[in-house]
Amino acid sequence: MFIATLVADGLSAGQLSEAGDRLAGVDCAPGAWHWLDEGAAADLLFVSHPQSARGVLEGAFPFCDVIVQPAEGRAKTLLVADMDSTMITVECIDELADYAGIKPQIADVTERAMRGELDFASALDARVALLAGLEESAIDRCLAERVKLMPGAKALVRTMRARGATTILVSGGFTRFAEPVGAEIGFDRVIANRLEIADARLTGTVTKPIVDSATKETTLLGALAELGLDAAASMAVGDGANDLAMIRKAGLGVAYHAKPIVAAAAGARIDHGDLTALLYAQGLPRREWVLD
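Below, the structure is looked at part by part. (Residues numbered from 1 in each chain as written. Predicted model: local features only at pLDDT ≥ 70, side-chain atom pairs only at ≥ 80, totals over all residues. Heavy atoms only, no water.)

**Overview of empty space enclosed by the protein**
A water-sized probe, rolled over the atoms, reveals where empty space remains. One pass over the full model with this rule turns up 1 cavity of 30 Å³ or more. Within this model, the largest cavity holds a volume of roughly 140 Å³. Residue lining of the largest cavity: 14 residues in total, with D84, E91, F120, G172 and G173 positioned closest to the centre. Sorting elements by how many residues they give to the lining of the largest cavity places strand 6 (residues 166–174) first, with 4 residues. (1 Å grid on protein atoms, 1.4 Å probe; cavity = no way out; pocket = protein on both sides within 12 Å on 5 of 7 lines; lining within 4 Å. Points joined across faces, edges and corners; volume = space filled by probe spheres on them. Helix = DSSP H or I, 4+ residues; strand = E, 2+ residues; numbered from the N terminus.)

Structure, rendered in C-alpha cells:
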C-alpha cells in the first residue's frame, strides 16, 4: 500500500476527488482519502505504481506539494538535514561575502556549485580564499543580522525529536553558523566546516577534510548503522547538488525548494510549502506538532 500526501493552503475536497480519479486513470487502484488538517493536507491511499502516481499528481494542482511513499514506515526515526537554504533562508558564505564587499562574485560560484556545475570542495576553497583578511567579528554580525530560520524548521526537528527520532544537521557551510543554528532549532548533532582564523581575521582557508557530498552520505549511513536502522527509517532533506548522495540513500529523500538537478533526482520534492510539509509527510497533523 502507498500514500500520496497532498499539502497546500486551501486544498479542497474537490481536488482530492480529482486526485483519486487521476490515480485510477493510471491503474494505481486508489482507495479512501482523509484529511490530516482540513484545507491544508490530506492522505490518499492507493495500491500500486507509485511512480505513475507522482507523474499524474505533481503539478496537477496550483501551489500543491505531493509526497508519494509506501504507507508502512512513513514516520521516520532519523533526520539528516542540510543547513543553508534548507534549515535557514540564506547561503551563509554569500552573506558573509557581503561584509567583504564581494557578494556577487561569491554568490555566482555558490549558485553554480549548488547546481552541480562545479566540484564542491574546490569551489568552497576558492570562495573562502576570497574572504582572507575579513574581520572575525563579521561572522557574528552576519549571524545576528542575516541568518533567519526557515519556516517550519523548529517544528520539524522538535516534533521528530519528541517522537524519539535522531536529528543531524550536516552542512557544507561553517561551524560558526551551524552550531548556533543547530542549537536554536534543536538538532542532536551538528557537522560543518571550520573556518581558520588568525589574529581575529579569516585566513582564507578551511580546515580539511571538507564537509562535502561524501561526508553527508557517510553521516547518514553511519547514523543508520549506529542506531541499527534500515534506510527506510530515514529522511534526508536539502536543496543543492552536494545533498544528492544523502537524498538518494535515505528512505525518504526530499528536495526542498531545490535546484533542478536535485528536484529531478529526489524521491519527493517540496516546491511550495515550508518544512512542516515533512511532518504531514509522516502522517502528523498540526495538533501533534511541537511548536515551541
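This is not the end of the story, as more comes after the structure.
**Focus on the pairing of strand 6**
Along strand 6, 9 of the 9 residues are buried, which leaves the element largely enclosed by surrounding structure. Relative to strand 6, strand 5 (residues 78–81) is paired through 4 bridges, and the arrangement is parallel. Across the sheet, residue L78 finds its bridge partner in strand 6, namely T166. With respect to chirality, the unit in which strand 6 leads through helix 8 (residues 175–185) into the neighbouring parallel strand 7 (residues 189–193) is right-handed. (Buried < 20%, exposed > 50% of the residue type's maximum accessible area, 1.4 Å probe, protein only. Pairing = 2+ DSSP bridges. Right-handed = clockwise from strand over helix to strand, strands pointing away.)

**As for the side chain of T219**
When you line up the elements, T219 lands in helix 9 (residues 213–227). Filtering out sequence-adjacent residues up to four positions away, T219 remains in contact with I168, V170 and I191. (Contact = heavy atoms within 4.5 Å.)

**Topic: unusual backbone geometry**
A cis amide bond, omega 0°, links K208 with the succeeding residue P209. Among the secondary structure elements, P209 is positioned in the loop between strand 9 (201–206) and helix 9. Within the chain, A29 stands out as a residue other than glycine whose phi angle is a positive 55°. One can find A29 in the loop between helix 1 (13–25) and strand 2 (30–37). For A29, a relative accessible area of 41% puts it in the partly exposed group. Backbone geometry places F63, a non-glycine residue, at a positive phi of 55°. By secondary structure assignment, the location of F63 is in the loop between helix 2 (50–57) and strand 4 (65–70).

**Quick notes on the pattern of salt bridges**
Evaluation of the coordinates by the stated rule reveals 22 salt bridges. A salt bridge links D82 to K216; its shortest N-O distance comes to 2.9 Å. Pair noted here: D82 is in the loop between strand 5 and helix 3 (92–99) and K216 is in helix 9, with a separation of 134 residues, a long-range link. No difference in accessibility class separates D82 from K216, as the two residues are buried. The residue R269 makes a salt bridge to D271 at a minimum N-O spacing of 2.9 Å. The class for R269 is partly exposed, based on a relative accessible area of 28%. Each of E95, D98, K103 and R146 takes part in a single network of salt bridges with overlapping partners. (Salt bridge = Lys/Arg side-chain N within 4 Å of Asp/Glu carboxyl O.)

**As for the pairing of strand 9**
With 3 bridges joining them, strand 8 (residues 195–198) and strand 9 adopt antiparallel strand pairing. Across the sheet, L195 pairs through a bridge with V206, a residue of strand 9. Where strand 8 hands over to strand 9, the hairpin turn is made up of 2 residues, of which D199 adopts a positive phi near 55°.

**Details of the sheet that holds strand 3 (residues 41–46)**
As summarised here, the arrangement of the 4 strands in space is 2-3-1-4, forming an open sheet in which the pairing is antiparallel. In this open sheet, the two edge strands, each paired with only one partner strand, are strand 2 and strand 4. Across the sheet, the mean angle from the axis of one strand to that of its neighbour is 20°, orientation sign disregarded. Against the sheet, helix 1 touches strand 1 (2–7), strand 2 and strand 3, its axis set at about 150° to strand 2. (Axes fitted to C-alpha atoms, helices over the stretch in contact; angles between N-to-C directions.)

**Description of the layout of surface pockets**
In this model, the largest pocket occupies a volume close to 310 Å³. In this structure, the largest pocket is lined by 21 residues; those nearest its centre are V68, Q69, P70, G251 and L252. Elements represented by at least two residues in the lining of the largest pocket include exactly helix 2, strand 4, helix 10 (244–249) and strand 11 (252–256). Looking at the lining of the largest pocket, its residues break down into 10 nonpolar, 6 polar and 5 charged. Taken together, 13 residues form the lining of the second largest pocket, with V7, D9, G273, D274 and T276 sitting closest to its centre. Here the residues of the lining of the second largest pocket are counted per class, giving 6 nonpolar, 3 polar and 4 charged. (Nonpolar A, V, L, I, M, F, W, Y, C, P; charged D, E, K, R; others polar.)

**Side note on the packing of helix 4 (residues 103–114) against helix 5 (residues 120–129)**
What describes two packed helices is the angle between their axes and the distance between those same axes. At their nearest, the axes of helix 4 and helix 5 sit 10 Å apart, and the two run at 170° to each other. What the angle tells us is that helix 4 and helix 5 run roughly antiparallel. Across from I106, V109, T110, A113 and M114 in helix 4, the residues of helix 5 making contact are F120, A123 and R127. In terms of residue class, the contact of helix 4 with helix 5 is built from 6 nonpolar, 1 polar and 1 charged. (Parallel < 35°, antiparallel > 145°, perpendicular 65-115°, else oblique.)

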